[in-house]
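Observations on chain architecture
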Amino acid sequence: MNKQIDSLLDELEKILPNANGFKEKMFNKTTKYQKLYGFDIGTGKNSTWNNEADAFKHTFMQAILTINYNNILSKIIGDLHEINGNINYGQSKAEENMDKWNNRVGRLIGKEIK
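Small disclaimer: the values here were computed from a predicted structure and weren't measured.

So, how was this worked out
Residues numbered from 1 in each chain as written. Predicted model: local features only at pLDDT ≥ 70, side-chain atom pairs only at ≥ 80, totals over all residues. Heavy atoms only, no water. Helix = DSSP H or I, 4+ residues; strand = E, 2+ residues; numbered from the N terminus. Expected span 1.5 Å × (residues − 1). Buried < 20%, exposed > 50% of the residue type's maximum accessible area, 1.4 Å probe, protein only. Contact = heavy atoms within 4.5 Å. Polar contact = N/O pair within 3.5 Å; in protein donor to acceptor, adjacent residues only side chain to side chain. Axes fitted to C-alpha atoms, helices over the stretch in contact; angles between N-to-C directions. Parallel < 35°, antiparallel > 145°, perpendicular 65-115°, else oblique. Left-handed = near helix turned anticlockwise from the far one by under 90°. Nonpolar A, V, L, I, M, F, W, Y, C, P; charged D, E, K, R; others polar. Lys, Arg positive; Asp, Glu negative; His and termini not counted. Salt bridge = Lys/Arg side-chain N within 4 Å of Asp/Glu carboxyl O. Phe/Tyr/Trp six-rings, centres within 6.5 Å; stacked < 30°, edge-to-face > 60°.

**What about helix α3 (residues 52-68)?**
One full turn of an α-helix is made of 3.6 residues, so residues set three or four places apart face in the same direction. The terminal C-alpha atoms of α3, which comprises 17 residues, lie 24 Å apart, in line with the 24 Å expected from a rise of 1.5 Å per residue. Judged by how many residues are buried, α3 sits mostly within the fold: twelve of 17 residues are covered. Along α3, the residues classified as buried are A53, D54, F56, H58, T59, F60, M61, Q62, A63, I64, L65 and T66. Contact partners of the buried residues in α3: α2 (22-36), α4 (71-89) and α5 (93-113). In this structure N51 caps α3, since a side-chain oxygen of it lies 3.2 Å from the backbone nitrogen of A53.

Here you go:
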């Protein structure tokens, strides 16, 4: 299942208009704004995991996806990301719920902006 989810996310990136390199672009944009606005960023490979930078990352990504595509696709991608976290990183139910909450807020912001 791990490879299937990663492959699906990669395939979505290939077929969505203007999505080439989306994951890398989103990472770079979120990092820029996290630093600009002084979010608590950790160190190492988990620098934006389970902290306020992580909450911003989820919210920002979902808002951008909703603006660029639509609410349904944004939710699907967000949910796939959480499934991947559950399977491959053993995230807790509390962490999953927190991420889904931030994703929902991001979609609401994206709909309002759109």
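**Here we look at the packing of α2 against α3**
The N-to-C vectors of α2 and α3 enclose an angle of 130 degrees; their axes lie 10 Å apart at closest approach. Comparing their axes, α3 and α2 come out oblique. Between α2 and α3 lies a crossing of right-handed hand. Across the interface between the two elements, F22, M26, K29, T30, Y33 and Q34 of α2 pack against A53, F56, K57, F60, M61, I64 and L65 of α3. Of the residues belonging to the contact of α2 with α3, the class tally is nine nonpolar, two polar and two charged.

**Notes on the packing of α3 against α5**
Contact pair α3 / α5: the axes reach a minimum separation of 7 Å and the direction vectors enclose 40 degrees. In this view, α3 runs oblique relative to α5, as classed from their interaxial angle. Viewed along their axes, α3 and α5 form a crossing whose handedness is right-handed. Residues D54, A55, H58, T59, Q62, A63, T66 and I67 of α3 lie in contact with α5, whose contacting residues are M98, D99, N102, N103, V105, G106, R107, I109, G110, K111 and I113. Of the residues assigned to the contact of α3 with α5, the class counts are seven nonpolar, eight polar and four charged.

**Brief notes about the side chain of R107**
Considering the arrangement of structural elements, one finds R107 in helix α5. An unpaired buried charge is present at R107: no salt bridge exists, and D79, the closest side chain of opposite charge, is 5.4 Å distant. Aside from chain neighbours lying at most four places away, what touches R107 is Q62, A63, T66, N71, S74 and K75.

**A short note on the packing of aromatic side chains**
Using the criterion set out here, one finds four aromatic pairs in the structure. Between Y33 and Y37 the ring centres are 6.3 Å apart and the planes differ by 15 degrees, which places this aromatic pair in the stacked class. In this structure Y33 comes out as partly exposed when scored by relative accessible area, which is 26%. A residue is classified by how much of its surface remains accessible, and Y37, at 58% relative accessible area, is exposed. By the ring-pair criterion, three or more aromatic residues cluster together here, those being Y33, Y37, F39, F56 and F60.

**What to know about the pattern of salt bridges**
Here the idea is simple: oppositely charged side chains can pair when their charged atoms come close. All told, the structure shown has four salt bridges when counted by the stated rule. Ionic pairing is found between E96 and K100, a salt bridge with its closest N-O pair at 3.0 Å. Of the two residues, E96 and K100 both sit in helix α5, four residues apart, roughly one turn of that helix. Classification of E96 by relative accessible area gives buried; the value is 7%. Residues joined by salt bridges that share partners form a network here, namely K93, E96 and K100.

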